[in-house]
Amino acid sequence: MSSPAVSSDADVPPAASKARQTLLRRLADVVCLPASRINAFERAVTGDLLVEMLRLAPVEERRRVAVRLAPLAELPNSLARLLLRDEPSVAAALIEQCAALTDVDLIGCARDAEIEHRLLIAARRGLSEVVTETLLSFGEDAVIEAVLKNNSARLSQGAVEGVVALSRQSKGLCAPLLRRPELR
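A few points on the structure. Model, not experiment: these values are computed from the prediction.

Analysis parameters
Residues numbered from 1 in each chain as written. Predicted model: local features only at pLDDT ≥ 70, side-chain atom pairs only at ≥ 80, totals over all residues. Heavy atoms only, no water. Salt bridge = Lys/Arg side-chain N within 4 Å of Asp/Glu carboxyl O. Helix = DSSP H or I, 4+ residues; strand = E, 2+ residues; numbered from the N terminus. Buried < 20%, exposed > 50% of the residue type's maximum accessible area, 1.4 Å probe, protein only. Core = buried A, V, L, I, M, F, W, Y, C linked by side-chain atoms within 4.5 Å. Patch = residues over 30% accessible without salt bridge, like charges linked within 9 Å, V, L, I, M, F, W, Y side chains within 5 Å. Areas by Shrake-Rupley, 256 points an atom, 1.4 Å probe, with all protein chains shown as cover.

**Points about the pattern of salt bridges**
Then comes step 1: Throughout the structure, instances matching the rule amount to 13 salt bridges.
Then comes step 2: Between Arg 20 and Glu 61 there is a salt bridge, with its nearest N and O atoms 3.0 Å apart. Here Arg 20 is found in helix α1 (residues 14-31), whereas its partner Glu 61 is found in helix α3 (residues 59-69), with 41 residues between them in sequence.
Then comes step 3: Of the residues examined, Arg 20 reaches a relative accessible area of 12% and is grouped as buried.
Then comes step 4: Of the charged contacts in the structure, one is a salt bridge between Asp 29 and Arg 68, with a shortest N-O distance of 3.0 Å. You can see Asp 29 sitting in helix α1 and its partner Arg 68 sitting in helix α3, a full 39 residues away along the chain.
Then comes step 5: When its relative accessible area of 38% is taken as the criterion, Arg 68 is described as partly exposed.
Then comes step 6: Taken together, the salt bridges that share partners define one network made up of Glu 60, Arg 63 and Arg 64.

Next comes the structure, spelled out in C-alpha cells:
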C-alpha cells in the first residue's frame, strides 16, 4: 500500500513545520471535544480539514494524530479511513485501541491494506465472526495463526471448518486450532 504523498521536514522551513504541527494538534483537539461541546457537523468538518492536512504530513505527525484520536468513542469516517489505511506504524494505535471502529471499518482496512494491518487486526480484542472470516479469507498462515491465538476473537462454525481444512496443509495451525473454545 502506498502512503499518502508527504513532504519531508527537510523541504519545509522550521517555522512552517512548527506551525503545521500546531495546526494538526489543534484540529485533533477539536475532533476530540466531547459531544456536549461540538456537534456532529462541526466534528465532521474539522475531521475533513484534518484529513487534508494529514495527506501532506510526515509519518511521525500522522502517527501522533492517530495516537491522540485512538481513545475516542466517535471518530469522523473520513479520518478513520485515511488513518487505518496508512502505514502500519500509524494505523496501529487505532486498530489496537479505538472503540469507535466498526466491523465495516476493520473489514475495509483488511481488504484495502497489507498483511501487517491484518496482523494488527487479528490481535485486536473482541473481533466478531464477520471480521475473523474476512481475515481468514486471505489464506495467510501468519494472520490465521494470530486470529486463532486471539482468545477474544469469535469464530463462526464455517470459519472453524475452513481452518480445519487449511490445517491439513499448514501443520503450524494445528496447535492453536486445538486450543480454540469453539472446538470444545
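**Observations regarding the nonpolar core**
Then comes step 1: Of all hydrophobic cores here, the largest spans 52 residues; its most connected members are Leu 50 and Leu 69.
Then comes step 2: When residues of this core are assigned to their parent elements, the largest contribution, six residues, is made by helix α5 (residues 88-97).

**Section: a nonpolar patch on the surface**
Then comes step 1: The grouping of Phe 41, Val 45 and Leu 49 at the surface amounts to a nonpolar patch, some 310 Å² of accessible area in total.
Then comes step 2: With respect to the helices and strands, the residue Leu 49 is situated in helix α2 (residues 40-55).
Then comes step 3: With relative accessibility at 48%, the residue Leu 49 sits in the partly exposed group.

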